[in-house]
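Coordinate inspection notes
If you want the building blocks of each chain, they are given just below.
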Number of protein chains: 2
Amino acid sequence: MNLEIGPINKSSLSKQVADQLQEAILEGTLKADDRLPTEEELAQRFQVSRPTIREALKRLAAKNLIRSRRGPTGGSFVNHLGTNELSDHLTTATTLFVSMNDVSLDEISSTRLEMESYCFRLACQHRTDEDLKRLEQHLIHQKNKNISPEEFCAADVRFHRAIADASHNKMLSFIMYTLIEALQPVSNMIAYRFREREIITSQHERIFNAINNQDRKLACAILEEQINYLQQLHEEAQENHQQ
Amino acid sequence: MNLEIGPINKSSLSKQVADQLQEAILEGTLKADDRLPTEEELAQRFQVSRPTIREALKRLAAKNLIRSRRGPTGGSFVNHLGTNELSDHLTTATTLFVSMNDVSLDEISSTRLEMESYCFRLACQHRTDEDLKRLEQHLIHQKNKNISPEEFCAADVRFHRAIADASHNKMLSFIMYTLIEALQPVSNMIAYRFREREIITSQHERIFNAINNQDRKLACAILEEQINYLQQLHEEAQENHQQ
DNA sequence: ATAAGTTAATTTGTCATACAAATATAAAAT
DNA sequence: ATTTTATATTTGTATGACAAATTAACTTAT
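None of these values were measured; they are calculated from a predicted model.

Looking at the side chain of Gln226 of chain A
All names here are of chain A.
- Residue placement: Gln226 occurs in helix α10 (residues 216-242).
- Under the relative-accessibility criterion, Gln226 is labelled buried at 3%.
- One polar contact links Gln226 to His204, side chain to side chain, over a distance of 3.3 Å.
- Excluding anything up to four places from it in sequence, Gln226 contacts His160, Ile200, Gln203 and His204.

Laid out in structure tokens, this is it:
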């Protein structure tokens, strides 16, 4: 009796619960900002204990699918997963992949050059006034010589992300966010030296103007220049490190 | 006393533990296939209870960073995260992103066309005999008319992945895996109809020959043909669905 | 002596219960 | 009317116990 046909449940209960809830989120039964039942209620519904439910919820929380708050109006809520929310999640995955698979800087930068060039092409075609405004703001902020290295890096990331967004292709943006992060460790290096900072920002300024003038070829040429420059800096740093 | 300077610990204990362990994995203190201390030991070290430790471990398990086994030789082990191991993790993230952000098929397919063309370019240059062998095997399997729709889909994914791998750029492969998955729901549609199956496999055969002959332009042209064909099928299906 | 079966030990998986901490709501006191 | 206080709700954490899986050691039968 109770002979279930097919693949038997081998995975742990907490995983099964997590999978079911994720399925509900994925197929739209649970929409963004919806509140899940309380942990006790979930425990009764799934006929498992509260610790098991909690383990399941933590699995979803690790994927950024839900957030939790305490108190009467608290509970677990479905997150709305935009590009930003998912990016930090993807970033750790990408960082891990790069570090555990000996991905060379050349592989990263050539991929990024190819994709960002495509972004530039689309951005030149579809950029709106708002896109240009955002780009300019990030550029101005990055030109400020009083900001800290950390702020400089953050502004750098924002600038490149803004270009990706200017392509008005969400899929492309999503992937570019990953690639931008993957190259960030190299970019970070240069944030501490004023001379290099100036070179980067001036390149950004020229890129901005090129996109503004819808000059795709020029924009891509400058991008290539910048990526080559970063690669060169990286090689120099490695040589110094070996000494 | 016990006045800790700086940002106070606001996040939950299980998250703090998870973050510390993840940090250890990321910086290499915990290498692949290393075994973590037992849950009880971790509880003592971090001075928290076992349920808290378990919640932390489930967070890492959800990210595919660790696996757990019971028994004397059991415990939690660090996963080696290659392209395959991370792909299912990325797949759910991508699927969620697509469904929650109204990403159009056009955005997906145009991005994929652009990137896969780049793959073709590199594959034509760098493909080895082993790459060709693998491609041919997947092709032969896909041509078999007796396989189930599910098998057909799986073979389809494997074929495109093999092309990505033939580029010999790990970063590019990693990203392509994501894009292949993103377009899969559309590809799945056609697996149930023999007529469409034949069209797809014949296209794959021509792509294989083109890559074999290092004819980049031809390969890309066929790819464009295939993606347009899928898009067309999708539109027809939607129209039928509306009736 | 070898092979098979049995037992014991270890570790994750699950459960039950209790209490702490945060937080919003309603009631009470100033 | 405003502040304070009490209270209810919900997640966060702790403790202890037992179940299930799995390996290693041991025992027994051939």
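A short note on the protein's contact with DNA strand C
- In the vicinity of DNA strand C, 25 residues are found, and the nearest of them are Leu13, Ser49, Thr52 and Pro72 of chain A together with Arg50 of chain B.
- Backbone atoms, meaning sugar and phosphate, form 67% of the atoms of DNA strand C found within 4 Å of the protein.
- Within the backbone of Leu13 of chain A, a nitrogen or oxygen atom sits 2.5 Å from a phosphate oxygen of DNA strand C.
- Within the side chain of Arg70 of chain B, a nitrogen or oxygen atom sits 3.0 Å from a sugar or linking oxygen of DNA strand C.
- When contributions to the surface near DNA strand C are tallied by element, the ones reaching two or more residues are α1 (13-27) and α3 (50-62) of chain A together with α3 (50-62) and β1 (66-69) of chain B.
- Of the residues contributing to the surface near DNA strand C, the split by class is 5 nonpolar, 11 polar and 9 charged.

Some thoughts on the packing of aromatic side chains
- Per the stated rule, a full pass over the model turns up 2 aromatic pairs over all chains.
- Ring centres of Phe97 of chain A and Phe174 of chain B lie 4.2 Å apart, and the angle between their planes is 15°; this geometry places the pair in the stacked category. Of this pair, Phe97 of chain A sits in helix α4 (residues 83-100) while Phe174 of chain B is found in helix α8 (residues 170-190), placing the two residues in two different chains.
- On the accessibility criterion, Phe97 of chain A (1% relative accessible area) is buried.
- A residue is classified by how much of its surface remains accessible, and Phe174 of chain B, at 2% relative accessible area, is buried.

Here's the deal with the nonpolar core
- Of all hydrophobic cores here, the largest spans 140 residues; its most connected members are Phe120, Met171 and Met176 of chain A together with Phe120, Met171 and Met176 of chain B.
- What Met171 of chain A contacts, discounting residues up to four positions off in sequence, is Thr94, Phe97, Val98, Val103, Glu107, Ile108, Thr111, Leu179 and Ala182 of chain B.

Examining the interface of chain A and chain B
- Contact with chain A, which involves 48 residues of that partner, is made by 49 residues of chain B.
- Note on chain A versus chain B: buried area summed over both sides is about 4,300 Å², and carbon and sulfur give 69% of it.
- Where chain A touches chain B, the interface holds 6 salt bridges.
- Two residues, Arg121 of chain A and Glu114 of chain B, come together in a salt bridge whose shortest N-O distance is 3.1 Å.
- For the interface between chain A and chain B, the tally reads 16 residue pairs in polar contact (both at pLDDT 80 or more).
- For the side of chain A that touches chain B, the secondary structure elements donating two or more residues are α1, α3, α4, α5 (105-126) and α8 (170-190) of chain A.
- Sorting elements by how many residues they give to the side of chain A that touches chain B places α4 of chain A first, with 12 residues.
- In the side of chain A that touches chain B, the residues fall into 24 nonpolar, 14 polar and 10 charged.

Quick notes on the pairing of strand β1 (residues 66-69) of chain A
Residues and elements named next belong to chain A.
- Taken together, the 4 bridges between β1 and strand β2 (residues 75-78) define a ladder with antiparallel strand orientation. Its bridge partner being in β2, Ile66 is matched across the sheet by Val78.
- The turn linking β1 back onto β2 is made up of 5 residues, and Gly71 within it adopts a positive phi angle of 95°.

Topic: a negative patch on the surface
Residue and element names in this part refer to chain A.
- A surface patch of like charges, here negative, comprises Asp106, Glu235, Glu236 and Glu239.
- Top element by residues in the negative patch is α10. It accounts for 3 residues.
- Classification of Asp106 by relative accessible area gives partly exposed; the value is 47%.

Focus on the side chain of Thr52 of chain B
Residue and element names in this part refer to chain B.
- Along the chain, Thr52 turns up in helix α3.
- Residue classification places Thr52 among the buried positions, given a relative accessible area of 17%.
- Setting aside residues up to four positions removed in sequence, Thr52 forms contacts with Leu13 and Ser14.

Considering the state of the cysteines
- Under the definition given, this model contains 0 disulfides over all chains.
- As a non-bridged cysteine, Cys119 of chain A has Cys220 of chain A as the owner of its nearest cysteine sulfur, 9.8 Å distant.

A look at helix α5 (residues 105-126) of chain B
- Here α5 of chain B spans 31 Å end to end across 22 residues, near enough to the 32 Å set by a 1.5 Å rise per residue.
- The buried fraction of α5 of chain B is high, at 16 of 22 residues.

Digging into unusual backbone geometry
- Unusually for a residue other than glycine, Asp33 of chain A sits at a positive phi of about 70°.
- Tracing the chain through its elements places Asp33 of chain A in the loop between α1 and α2 (39-46).
- Classification of Asp33 of chain A as partly exposed rests on a relative accessible area of 45%.
- In the Ramachandran plot, Asp102 of chain B falls in the positive-phi region, its phi being about 50° despite a non-glycine side chain.

Here is what the cut-offs are and how they apply
- The residue count restarts for each chain, going from 1 along the sequence in the order it is written.
- Chain letters and ligand numbers both follow the written order, the letters beginning at A and the numbers at 1.
- Thresholds applied to this predicted model are a pLDDT of at least 70 for local features of residues and 80 or more for the giving and counting of side-chain atom pairs; totals over whole chains, interfaces and linings are not thresholded and use all residues.
- To get the side-chain values, take all heavy atoms of the structure and skip hydrogens and water.
- Numbered from the N terminus, helices here are DSSP runs of H or I no shorter than four residues, and strands are runs of E no shorter than two.
- Each residue is placed in one exposure class: buried if its accessible area under a 1.4 Å probe, protein chains only, is under 20% of its type's maximum, exposed if it is over 50%, and partly exposed if it falls in between.
- Pairs of N or O atoms are called polar contacts if they sit within 3.5 Å, as long as, within protein, a hydrogen donor faces a hydrogen acceptor (for residues adjacent in sequence, only side-chain-to-side-chain pairs).
- Contacts are assigned to residue pairs with any non-hydrogen atoms lying within 4.5 Å of each other.
- In this text, near means that some heavy atom of the residue lies within 4 Å of the molecule or strand in question.
- The classification used treats Ala, Val, Leu, Ile, Met, Phe, Trp, Tyr, Cys and Pro as nonpolar, Asp, Glu, Lys and Arg as charged, and all other residues, Gly among them, as polar.
- Working definition: a ring pair exists when centres of Phe, Tyr or Trp rings (six-membered ring for Trp) sit within 6.5 Å. Plane angles under 30 degrees give stacked, over 60 give edge-to-face, the rest tilted.
- Here the nonpolar core consists of buried residues drawn from Ala, Val, Leu, Ile, Met, Phe, Trp, Tyr and Cys, with membership extended through side-chain atoms lying within 4.5 Å.
- In short, buried area is how much 1.4 Å probe accessible area vanishes from two parts on joining, totalled over both.
- Here, a salt bridge means any side-chain nitrogen of Lys or Arg that lies within 4 Å of a carboxyl oxygen of Asp or Glu.
- Here, any two strands with at least 2 DSSP bridges between them count as paired.
- Patches were defined on residues exceeding 30% relative accessible area and lacking a salt bridge, with like-charge contacts within 9 Å and nonpolar side-chain contacts (Val, Leu, Ile, Met, Phe, Trp, Tyr) within 5 Å.
- We get accessible surface area from the Shrake-Rupley algorithm with a probe of 1.4 Å; when it comes to residues, only the shown protein chains can shield them.
- His is not counted here, nor are the chain ends, while Lys and Arg score as positive and Asp and Glu score as negative.
- The atoms used to mark charge sites are NZ of Lys, CZ of Arg, CG of Asp and CD of Glu.
- Disulfides are defined in this document as cysteine sulfur pairs within 2.5 Å.
- For a helix, the expected span equals 1.5 Å multiplied by the residue count minus one.

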